[in-house]
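# Commentary on secondary and tertiary structure
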Amino acid sequence: MAKYKKTLIWLAVGLAVTAGVIALELPRGRGWVHMLCDGFLMAAVALLALGCLKFVRNQGLFDLFGYAFSNVFRRRDQDEMGIPLTGKKETFAQYEARKKATRKGAGDLLWAGTAYLVLSGVMMVLYFVIG
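Residues numbered from 1 in each chain as written. Predicted model: local features only at pLDDT ≥ 70, side-chain atom pairs only at ≥ 80, totals over all residues. Heavy atoms only, no water.

## Some details on the environment of I9
- In this structure, I9 sits in helix α1 (residues 5-25).
- On the basis of relative accessibility, which here comes to 46%, the residue I9 falls in the partly exposed class.
- Residues I9 and A112, 103 residues apart in the sequence, show an inter-C-alpha distance of 9.0 Å. (Helix = DSSP H or I, 4+ residues; strand = E, 2+ residues; numbered from the N terminus. Buried < 20%, exposed > 50% of the residue type's maximum accessible area, 1.4 Å probe, protein only.)

## Details of helix α2 (residues 32-58)
- Between its first and last C-alpha, α2 extends 38 Å over 27 residues, near the 39 Å set by a 1.5 Å rise per residue.
- All buried positions along α2 are accounted for by M35, C37, D38, G39, F40, A43, A44, L47, G51 and N58.
- Considering only its buried residues, α2 is in contact with α1, α4 (92-102) and α5 (107-130).
- Where α2 ends, the next residue or the one after it, G60, has phi of about 100 degrees, a positive value. (Expected span 1.5 Å × (residues − 1). Contact = heavy atoms within 4.5 Å.)

## A short note on α1
- Taking 1.5 Å per residue, 21 residues should reach 30 Å; α1 reaches 30 Å between its end C-alpha atoms and fits that length.
- Within α1 the residues assigned to the buried category are T7, G14, T18, V21, I22 and E25. Taken around the axis of α1, the buried residues stretch over an arc of 100 degrees, which confines them to a single face. In α1, those exposed residues whose orientation departs by more than 90 degrees from the buried face are K5 and L24. (Arc of directions from axis to C-beta.)

## Side note on the side chain of N58
- One can find N58 in helix α2.
- Judged by relative accessible area, which is 15%, N58 ranks as buried.
- There is a polar contact of 3.0 Å between the side chain of N58 and the side chain of R57.
- Non-local contacts of N58, meaning those with residues more than four positions away in its chain, are made with K100, R103, K104, G105 and A106. (Polar contact = N/O pair within 3.5 Å; in protein donor to acceptor, adjacent residues only side chain to side chain.)

All quantities given are derived from atomic positions and should not be read as evidence of function.
As structure tokens, then:
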């Protein structure tokens with residue numbers, strides 16, 4: 001069960017998104033199947049988007065930006081404190097390896113988003129069948 005803890009947390013977040021969408025659509029007088037379809041779809045889009053961003057981050061897409069910003073702020077802090085800019089500087093390859101060692105996978109977000117996408121598809125089929 002501990003293996004699926006993060007997925008369950010993201011499923012709960014998706015449920016909160018679904019509840020928020022339903023709360024916003026209640027005054028419009030739409031049917032429950034329509035509102036559930038919309039809510040599940042918004043949860044799926046949000047979770048899958050976050051999962052995709054986490055996946056590309058894990059592949060190192062944003063590492064160059066993080067490395068550049070960390071060097072800029074480190075140098076600025078050393079200048080303000082009067083510390084000479086000497087010492088061992090971390091190379092980009094070292095920075096990238098250090099970051100990759102601590103990153104967690106994006107599977108929990110992607111599985112939760114896929115579950116809500118499937119639920120949205122089921123609700124859409126029900127909407128067209130029921131009318």
